[in-house]
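# Examining the three-dimensional arrangement
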Amino acid sequence: MEPEDLALFRAALIARRDELRKAGDFEIEPVLKDPAEKVDDDASPLTEMSQVIASRRNKNRAIELDRIDLAIRRLDAEPDDFGFCDACENEIPRRRLELMPWARYCVACEEARSPQRGKRRRHIHDYLE
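Residues numbered from 1 in each chain as written. Predicted model: local features only at pLDDT ≥ 70, side-chain atom pairs only at ≥ 80, totals over all residues. Heavy atoms only, no water.

Moving on to the overall build of the protein chain. Across its full length, the protein chain holds five helices and zero strands. In the protein chain, the order of α-helices and β-strands from amino to carboxyl end is α-α-α-α-α. Residues counted as buried form 25% of the 129 residues belonging to the protein chain. Relative to all contacts within the protein chain whose residues are 6 or more apart in sequence, the contacts with residues 24 or more apart total 56%. Carbon together with sulfur atoms contributes 50% to the accessible area of the protein chain, which is approximately 10,000 Å² in total. (Helix = DSSP H or I, 4+ residues; strand = E, 2+ residues; numbered from the N terminus. Buried < 20%, exposed > 50% of the residue type's maximum accessible area, 1.4 Å probe, protein only. Contact = heavy atoms within 4.5 Å. Areas by Shrake-Rupley, 256 points an atom, 1.4 Å probe, with all protein chains shown as cover.)

Written as structure tokens, this is what we have:
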């Protein structure tokens, strides 16, 4: 990969990292805002669902930040290896790197590592002959 391309990917990684850091964590709303309040049985499930969603978003944000930091370190330490799949060592398509510059695997190897990701929802036509 050309040095100009590496610089573009590094800039994209840093921009995404800064964007995620600036956005901060999603707020996890407490079930009771005031300890003197009674628990509202109707609002409680919605609040709990909001807490789960916020928690998952925070977890995914942290994972993405870790992947970005790892990609920047790899890019700095071994620039000649950036853009190649860690599993099969084939070149990762440029379009994939443009969308996810922290990608460590090509699509085929990523699907092999995470078989559930590649599966789609079942549809009634899947069962018809």
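Moving on from the coordinates now.
What follows deals with the packing of aromatic side chains. One pass over the full model with this rule turns up one aromatic pair. With 5.9 Å between their ring centres and 45° between their planes, Phe9 and Phe82 make a pair best called tilted. In this pair, Phe9 sits in helix 1 (residues 3–23) while Phe82 sits in the loop between helix 2 (44–77) and helix 3 (94–99), placing the two residues 73 residues apart along the sequence. In this structure, Arg57 is placed above the aromatic ring of Phe26, and the distance from its NZ or CZ to the ring centre is 5.2 Å. (Phe/Tyr/Trp six-rings, centres within 6.5 Å; stacked < 30°, edge-to-face > 60°. Lys NZ or Arg CZ within 6 Å of the ring centre and 35° of its normal.)

Quick look at a negative patch on the surface now. Residues Glu78, Asp80, Asp81 and Glu89 make up a contiguous surface patch of negative charge. By the secondary structure assignment, Asp81 is in the loop between helix 2 and helix 3. The partly exposed category is assigned to Asp81, whose relative accessible area is 48%. (Patch = residues over 30% accessible without salt bridge, like charges linked within 9 Å, V, L, I, M, F, W, Y side chains within 5 Å. Salt bridge = Lys/Arg side-chain N within 4 Å of Asp/Glu carboxyl O. Lys, Arg positive; Asp, Glu negative; His and termini not counted. Charge placed at Lys NZ, Arg CZ, Asp CG, Glu CD.)

Of note, Glu89 is a non-glycine position whose phi angle comes to about 65°, a positive value. Counting through the fold element by element, Glu89 comes out in the loop between helix 2 and helix 3.

Within the structure shown, the criterion is met by eleven salt bridges. For Arg10, the salt bridge goes to Asp76, with nearest N and O atoms at 3.0 Å. Of this pair, Arg10 sits in helix 1 while Asp76 sits in helix 2, placing them 66 residues apart in sequence. The salt bridge involving Arg95 is made with Glu98; its shortest N-O contact spans 3.6 Å. Of the two residues, Arg95 and Glu98 are both situated in helix 3; the distance of three residues between them amounts to about one turn of the helix. Look at Glu98 and you get partly exposed, because its relative accessible area is 41%. Salt bridges sharing partners connect three or more residues here, namely Asp5, Arg94, Arg95 and Glu98.

This next bit is on helix 1. For helix 1, built from 21 residues, the straight-helix expectation of 30 Å at 1.5 Å per residue is met to within 8% by its first-to-last C-alpha distance of 30 Å. By the burial criterion, the buried members of helix 1 are Asp5, Leu6, Phe9, Leu13, Arg17 and Leu20. Considered in projection along helix 1, the buried side chains sweep an arc of 105° and stay on one side of the axis. Seen from the open side of helix 1, the exposed residues pointing more than 90 degrees away from its buried face are Pro3, Glu4, Leu8 and Lys22. (Expected span 1.5 Å × (residues − 1). Arc of directions from axis to C-beta.)

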